[in-house]
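# A look at the structure
Each chain, written out:
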Amino acid sequence: MSVTTSLDDDAKLSLQAGDVAAYMQALGKAARQAASQLRRADSGQKNRALIAMASHLDAARPDLLAANAGDLARGQENGLDAALLDRLALSDARIDAMIEGLEQVAALPDPVGEINDMRYRPSGIQVGKMRVPLGVIGIIYESRPNVTMEAASLCLKAGNACVLRGGSEARDSNAAISLCIQAGLVDAGLPPGSVQVVATSDREAVGAMITMPEYIDVIIPRGGKSLIERISREAKVPVIKHLDGVCHVYVHSLADPAKALAIAVNAKTHRYGTCNTMETLLVDAAVADLLLPELARRYAEHDVELRGCAQTQALLPQALPASEEDWGAEYLAPILAIKVVNDIDEAIAHIERYGSHHTDAIVTEDYSLARRFMAEVDSSSVVVNASTRFADGFEYGLGAEIGISTDKLHARGPVGLEGLTTQKYVVMGDGQVRE
């Protein structure tokens, strides 16, 4: 199975000749041309493409599962661990989830073309802002083949062309999914270049993607820290990213104990491998002796290893001593760092020093302090009396997300359809001229 059926002749020849740079240039050119055509596509046409993709996915189940079996076999031969193999695996249930995701994106309101803030100026003109696509989005990701369909659907609904470079471990699965995407585009009368899956696992393809500002408007990396650091360092194209998810829950002395226990347990144990999972728990000294023993008991039920400061160890002898590295660690595992703090000032200072500006929460019944925490903690999501696990596009009502951004420009926090668009000024007049 091959994705090269969607490529033009120049791209095919470049790929066959092993000229990765020329191949990526051909993909970029096709994407730029497609982006121009997508600006003319209405919501109905984009939605028809998404629903058609869902239909083709359903019909292609045997091909998808066979392709994925090849990826899994190769992954086992190459020594991928169980967690990575699980992320790589497709099943009927995961195909169903991809189909449901396409249907959900099709049902979302289309942000493209929205005009807001229209207001009259003294000259009589009206000035407002119109939401428009970013253009061409390059997405670089690892392991999970369902990201191919998620990324394609969100970019397309927001009116963008996209170039998708998945991990080599999912090569055959991504190729099979790409054929379903291409078939859906054809059914809806949209150009094949609207969604292109890079058909080579050569690392040079990534280097080319992130240095083609003439063809790609923004890069979104979804992968490990080393990948994102490389892209941030080498890219000549704007990047929407986050490096780490070092998230905190701070339990203030006026926290409701029942809320504090439920939030602190959920934020850590609901899922370990996500970027919005709590990695450090901060507890006010005034309530540490009340809450920490019970928390330790509940964490033990989940086999969570505890690492703590000296005060934490005095209350919890089973806790290992926390090192300086622990305070800035993104464990993505059943490990938790715990620090006893004197007050909100120390908590905020700790988050500022060691946090990653992703998601941080406070548990307190003092809403004046809660507002202060919201104002002073410089993170993309700041949460009061709820789990950090809510930092997610679906939970925020965005319908779906392409990732989380801890950047401050353009998009911050979960990036949904609106985050894949920008705005331009529009001016309505009736013959006015400037004097």
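Computed from a prediction, not measured in an experiment: that's the story for all the values here.

## Considerations on the sheet that holds strand 2 (residues 126-133)
- Within the open sheet, the three strands sit side by side as 1-2-16. Their pairing is antiparallel. Only two strands of the sheet have a single neighbouring strand rather than two, namely strand 1 (115-120) and strand 16 (421-428). Geometrically, the sheet is characterised by an average inter-axis angle of 20 degrees between neighbouring strands, direction not taken into account.
- Of the pairings in the sheet, the one linking strand 2 to strand 16 comprises eight bridges and is antiparallel in character. Looking at strand 16, one finds that lysine 129 is bridged to tyrosine 425.

## Let's talk about the nonpolar core
- Of all hydrophobic cores here, the largest spans 76 residues; its most connected members are Met24, Met53, Ile139, Leu164 and Ile219.
- For leucine 164, the residues in contact, after removing those within four places along its chain, are Ile139, Tyr141, Thr148, Ala151, Ala152, Val195, Gln196, Val197 and Val198.
- Ala264, Tyr331, Ile335 and Ile338 belong to the second-largest nonpolar core, a separate cluster that totals 38 residues.

## Thoughts on the UniProt feature "domain: Aldehyde dehydrogenase" (unreviewed entry) in the chain
- Cross-referencing UniProt, the feature "domain: Aldehyde dehydrogenase" (unreviewed entry) maps to residues 18-304 in the present numbering.
- The distance from the first to the last C-alpha atom of residues 18-304 is 48 Å, and the span holds 53% helix and 16% strand.

## Remarks on helix 16 (residues 367-376)
- Buried within helix 16 are the following residues: Leu369, Ala370 and Phe373. For helix 16, the angular spread of the buried residues around the axis is 105 degrees, confining them to a single face. Residues of helix 16 that are exposed and point over 90 degrees away from its buried face: Arg371 and Ala375.
- Its buried side turned inward, helix 16 meets strand 7 (247-251), helix 15 (344-354), strand 12 (359-363) and strand 13 (381-384).
- You can read the cap of helix 16 off the contacts: a side-chain oxygen lies 3.1 Å from the backbone nitrogen of serine 368, and it is on aspartate 366.

## Here we look at the packing of aromatic side chains
- Considering all chains together, one arrives at one aromatic pair under this definition.
- Sitting above the plane of the tryptophan 327 ring, lysine 339 keeps its charged end 5.7 Å from the centroid.

## Things to note about the confidence of the model for the chain
- On average, residues of the chain score 93 in pLDDT, and 96% of them reach the 70 mark or higher.
- With pLDDT under 50 throughout, residues 1-5 is counted as low confidence; its partners more than four residues away or in other chains account for 14 contacts.

## Describing the sheet that holds strand 11 (residues 335-341)
- The seven strands are arranged 10-9-11-8-7-12-13 in an open sheet whose pairing can be described as parallel. Unpaired on one side and paired on the other, strand 10 (320-321) and strand 13 mark the two borders of the sheet.
- Bridge count between strand 8 (residues 278-284) and strand 11: five bridges; the pairing is parallel. Among the inter-strand pairings, leucine 281 is bridged to a residue of strand 11, identified as isoleucine 338.
- Lying over the sheet, helix 12 (residues 285-301) contacts strand 7, strand 8, strand 9 (305-308) and strand 11, oriented at roughly 145 degrees with respect to strand 8.

## Details of helix 6 (residues 92-107)
- In this model helix 6 runs 23 Å from its N-terminal to its C-terminal C-alpha over 16 residues, within 8% of the 22 Å that 1.5 Å per residue would give.
- Within the span of helix 6, buried status applies to Ile95, Met98, Ile99, Leu102, Val105 and Ala106. Buried residues along helix 6 cover an arc of 125 degrees about the axis, so they all sit on one side. Across helix 6 from its buried face, at more than 90 degrees, point the exposed residues Ala93 and Ala107.
- If you follow the buried residues of helix 6, they end up packed against helix 3 (43-59), helix 4 (61-77), helix 7 (146-157) and helix 8 (171-187).

## Things to note about the side chain of lysine 268
- Along the chain, the position of lysine 268 falls in helix 11 (residues 257-269).
- Within the structure, lysine 268 has its side chain in polar contact with the backbone oxygen of isoleucine 335 (distance 2.7 Å).
- If near-sequence neighbours (up to four positions away) are discounted, lysine 268 is found in contact with Thr277, Met278, Glu279, Tyr299, Val304, Ala333, Pro334, Ile335 and Leu336.

## Describing the pattern of salt bridges
- This model, assessed by the stated rule, comprises 27 salt bridges.
- Measuring nitrogen to oxygen at the nearest pair gives 3.2 Å for the salt bridge that ties aspartate 172 to arginine 171.
- The exposure class assigned to aspartate 172 is partly exposed, which follows from its relative accessible area of 24%.
- Take arginine 171: its relative accessible area is 44%, and that puts it in the partly exposed class.
- Salt bridges here are not isolated pairs; linked through shared partners, they connect Asp58, Arg61, Asp92 and Asp96.

Quick notes on the rules
Residues numbered from 1 in each chain as written. Predicted model: local features only at pLDDT ≥ 70, side-chain atom pairs only at ≥ 80, totals over all residues. Heavy atoms only, no water. Pairing = 2+ DSSP bridges. Helix = DSSP H or I, 4+ residues; strand = E, 2+ residues; numbered from the N terminus. Axes fitted to C-alpha atoms, helices over the stretch in contact; angles between N-to-C directions. Core = buried A, V, L, I, M, F, W, Y, C linked by side-chain atoms within 4.5 Å. Buried < 20%, exposed > 50% of the residue type's maximum accessible area, 1.4 Å probe, protein only. Contact = heavy atoms within 4.5 Å. UniProt positions renumbered as here; feature names shortened; annotations may be inferred. Arc of directions from axis to C-beta. Polar contact = N/O pair within 3.5 Å; in protein donor to acceptor, adjacent residues only side chain to side chain. Phe/Tyr/Trp six-rings, centres within 6.5 Å; stacked < 30°, edge-to-face > 60°. Lys NZ or Arg CZ within 6 Å of the ring centre and 35° of its normal. pLDDT = per-residue confidence, 0-100. Expected span 1.5 Å × (residues − 1). Salt bridge = Lys/Arg side-chain N within 4 Å of Asp/Glu carboxyl O.

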